[in-house]
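Structural overview
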Amino acid sequence: MKKIHDSDQIHHWIEKGKIRDCFSTPNFNFLLYQYEKGEQITSPDNPLKEILFVLKGTIRIYGIRHNGTISPVNQQNAPIIIGDIEFVKQGNPSFYTEAVTEVTCVALPIAPYEQQLHTDIRFLHVLLHSYAEKLQLFALVDVPAETIQERVLLYLKYKNPTHELKGIEAAVLQLRCSRRQLQRALQKLCMEGKIIKIGKGQYRLSNSDDRQSVSDFTSGC
């Protein structure tokens, strides 16, 4: 992990991510971190001392079973918050988080501002929005569905603001199915005209003319 000390770069990323809009409290001192591809961001054996606002890159979330094998949980693109759940439950991260690509994030140390954060209404609204996004993903992919096709359609319709699926590997983790199952489902949905292939490993809901713009952190403010 590389800490960026250049004040201009820190300001650039804070402005780019509209980070200050997530807080009612002024004058927080933020940090800027960069992680290389394959670098570990969080782990259950290390307490997370910051709230991390991931503004660039893709992260993979996973657990490790007792026999040493990896248990995939999810893969997500920026923007995403890391440390929201840990901030509330005051514990170590439940899962490992790894940088799939180069990742840039603005970090807010918790200890110096803990009292202010617990009374910052705007920040607490952002946390609620982050929790809702994560719960919605698990609820949608775990909802009883007769086929993988139905699960894909639920994901595209309700979870993804652009109604698009970008990347087979990420979708396999998010939808909890095998690569072969997903490819068969996508092929069938394309044949039925329910989704459209827009690129390699990229699909869009065919009736998604009312697509919304990608949400950011401030949508929870």
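Because the structure is predicted, anything quoted here is derived from the model rather than measured.

**A short note on the sheet that holds strand β1 (residues 2-4)**
Strand pairing in a sheet is mediated by backbone hydrogen bonds. Such pairs are either parallel or antiparallel. Spatially, β1-β2-β9-β4-β7 is the arrangement adopted by the five strands of the open sheet, whose pairing is antiparallel. The sheet is open, and its two edges are formed by β1 and β7 (80-82), each paired on a single side. Taken pair by pair, the neighbouring strands of this sheet meet at an average axis angle of 30°, ignoring direction. By the bridge criterion, five bridges tie strand β2 (residues 31-35) to strand β9 (residues 103-109) in an arrangement that is antiparallel. The residue of β9 that forms the bridge with Leu 32 is Val 106.

**Brief notes about unusual backbone geometry**
The omega torsion of the bond from Ala 78 to Pro 79 falls at 5°, within 30 degrees of zero and hence cis. Even without being glycine, Lys 18 reaches a positive phi, approximately 50°. Tracing the backbone shows Lys 18 in the loop between α1 (7-16) and β2. What makes Lys 18 partly exposed here is its relative accessible area of 42%. One non-glycine residue with positive phi stands out, namely Asn 27, at about 65°.

**Some words on the pattern of salt bridges**
Under the defined criterion, the tally for this structure stands at five salt bridges. We note a salt bridge from Glu 102 to Lys 56, for which the minimum N-O separation is 3.8 Å. Of this pair, Glu 102 sits in the loop between β8 (96-99) and β9 while Lys 56 sits in strand β4 (residues 50-56), and the two are 46 residues apart along the sequence. Judged by its relative accessible area of 39%, Lys 56 is partly exposed. A salt bridge links Glu 169 to Arg 179; the nearest nitrogen and oxygen atoms lie 2.1 Å apart. One end of the pair, Glu 169, is in helix α6 (residues 168-175); the other, Arg 179, is in helix α7 (residues 179-191), with 10 residues separating them in the sequence. Residue classification places Glu 169 among the partly exposed residues on the basis of a relative accessible area of 47%.

Rules used in this analysis
- Residues numbered from 1 in each chain as written.
- Predicted model: local features only at pLDDT ≥ 70, side-chain atom pairs only at ≥ 80, totals over all residues.
- Heavy atoms only, no water.
- Pairing = 2+ DSSP bridges.
- Helix = DSSP H or I, 4+ residues; strand = E, 2+ residues; numbered from the N terminus.
- Axes fitted to C-alpha atoms, helices over the stretch in contact; angles between N-to-C directions.
- Buried < 20%, exposed > 50% of the residue type's maximum accessible area, 1.4 Å probe, protein only.
- Salt bridge = Lys/Arg side-chain N within 4 Å of Asp/Glu carboxyl O.

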